[in-house]
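# Overview (structure and organization)
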Amino acid sequence: MMQPAASPLRALLPLFAVQFFCWSGMFLMWIGAYPVITLAILRLPPGGAATRMGMVTLASSFAWYATLSGLLAFLLPNLTRRIEPALLLAAATAIGACGLAGLGLIEHPALLIACFTALGVGWCALSNLPYTIAGKLVPEGEIEHWFRVFAFSSILPQLAVTGLLITAISEIDATVARHIMFAAGGAMLTGSLTALLLRRQLRGVA
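What counts, and at which threshold
- Within any chain, residue numbers begin from 1 and follow the written order of that chain's sequence.
- Totals for whole chains, interfaces and linings use all residues, but because this is a predicted model, local features are given only for residues with pLDDT of at least 70 and pairs of side-chain atoms are given and counted only at 80 or more.
- Side-chain figures throughout are based on the complete set of non-hydrogen atoms in the structure, without hydrogens or water.
- What pLDDT expresses is the predictor's confidence in each residue, scored from 0 to 100.
- Helical segments are the DSSP runs of H or I of at least four residues, strand segments are the runs of E of at least two, and each set is numbered from the N terminus.
- Only heavy atoms enter the contact rule, under which two residues are in contact if any of them lie within 4.5 Å.
- The rule for a salt bridge is simple: a side-chain nitrogen of Lys or Arg has to be within 4 Å of a carboxyl oxygen of Asp or Glu.
- Throughout this description, buried means an accessible area under 20% of the type-specific maximum (1.4 Å probe, protein chains only), exposed means over 50%, and partly exposed covers the range between.
- Pairs were defined over the aromatic rings of Phe, Tyr and Trp, the Trp ring being its six-membered one, requiring ring centres within 6.5 Å. Orientation was assigned from the angle between planes: stacked under 30 degrees, edge-to-face over 60, tilted for the rest.
- Think of each axis as a best-fit line through the C-alpha atoms, taken over the contacting stretch in the case of a helix, with angles from 0 to 180 degrees between the N-to-C directions.
- Two helices that cross are described as forming a left-handed crossing if the nearer one is turned anticlockwise from the farther one by less than a right angle, and a right-handed crossing if clockwise.
- Residue type decides the class: Asp, Glu, Lys and Arg count as charged, Ala, Val, Leu, Ile, Met, Phe, Trp, Tyr, Cys and Pro as nonpolar, and the leftover types, Gly among them, as polar.

### Topic: the confidence of the model for the protein
- Taken over all residues, the pLDDT of the protein has a mean of 88, while the share at 70 or more is 94%.
- Within the protein, the lowest mean pLDDT, 70, falls on helix H9 (residues 197-204), and the highest, 97, falls on helix H4 (residues 85-105).
- In the model, residues 1-5 has pLDDT below 50 throughout and makes 16 contacts with residues more than four positions away in sequence or in other chains.

Below, the structure written as structure tokens:
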């Protein structure tokens, strides 16, 4: 049976890094998804019916990846018994990173389903597995305390991304929207690679 690491904060730091990069990717997507869909993919003019079409496309895309994520969550208990949680998190967020970067590459609206399917896989893992891993890295009697601390790992990326976009970007056009998606994919891929560091750490607390 796994025993928690001696220093919970130190043990959680790599997981904080995973959260920072992956959540940064998600926040960048939430900010840039509408302009990249309307300006770069659908190539809609601003205003009127075009705006409504863009909002409907965005809403349906978001609904799809959220629904897929919820359905995949039912598979996680069985998967984590067969695959190391850190490896599963790394693989799923790498798939999600491909979906994010794909939003910056695709030209045809039909390919949105592929991008948001990949994103649903990554979002499912990001919404669940970090808490599974954190529970293995902290003392059982202190889990509630450290989960409260761990909640900041999804807040800090929002502050960082918002501050960066406000200071660095004055106007979002189609090109900038695509670059935001590339940055989102790169951030989540960095988080995916960082998750691999957790494999040795989890073995070390066995």
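### Structural notes on the pattern of salt bridges
- By the definition in use, this model includes 2 salt bridges.
- In this structure, Arg 43 engages Glu 107 in a salt bridge whose closest nitrogen and oxygen atoms are separated by 2.5 Å. Taken together, the residues span a long stretch of sequence, with Arg 43 in the loop between helix H1 (8-41) and helix H2 (48-73) and Glu 107 in the loop between H4 and helix H5 (112-137) at a distance of 64 residues.
- Its relative accessible area of 44% is what places Glu 107 among the partly exposed residues.
- Arg 178 is the partner of Glu 107 in a salt bridge, and the nearest nitrogen-oxygen pair spans 3.5 Å. Linking Glu 107 in the loop between H4 and H5 with Arg 178 in helix H8 (residues 174-195), this pair joins segments that are 71 residues apart in sequence.
- Residue classification places Arg 178 among the buried positions, given a relative accessible area of 14%.
- Because the salt bridges share partners, they merge into one network encompassing Arg 43, Glu 107 and Arg 178.

### A closer look at the packing of aromatic side chains
- Following the criterion strictly, the structure yields 12 aromatic pairs and no others.
- Each ring, one from Trp 23 and one from Trp 123, has its centre 5.4 Å from the other, and the planes form 75 degrees; the classification is edge-to-face. In this pair, Trp 23 sits in helix H1 while Trp 123 sits in helix H5, placing the two residues 100 residues apart along the sequence. When sorted by exposure, Trp 23 lands in the same class as Trp 123, which is buried.
- Put simply, the rings of Trp 23, Phe 27, Trp 30, Phe 62, Tyr 65, Phe 116 and Trp 123 touch in pairs and so form one group of aromatic residues.

### As for the packing of H1 against helix H6 (residues 143-150)
- One way to put it is that H1 packs onto H6 with a least axis distance of 11 Å and a crossing angle of 35 degrees. Here H1 runs over H6; the crossing is right-handed. Side by side, H1 and H6 meet where Pro 8, Leu 9, Leu 12, Leu 15, Phe 16 and Gln 19 of the first sit next to Trp 146, Val 149 and Phe 150 of the second.
- Its residues assigned to classes, the contact of H1 with H6 comprises 8 nonpolar, 1 polar and no charged.

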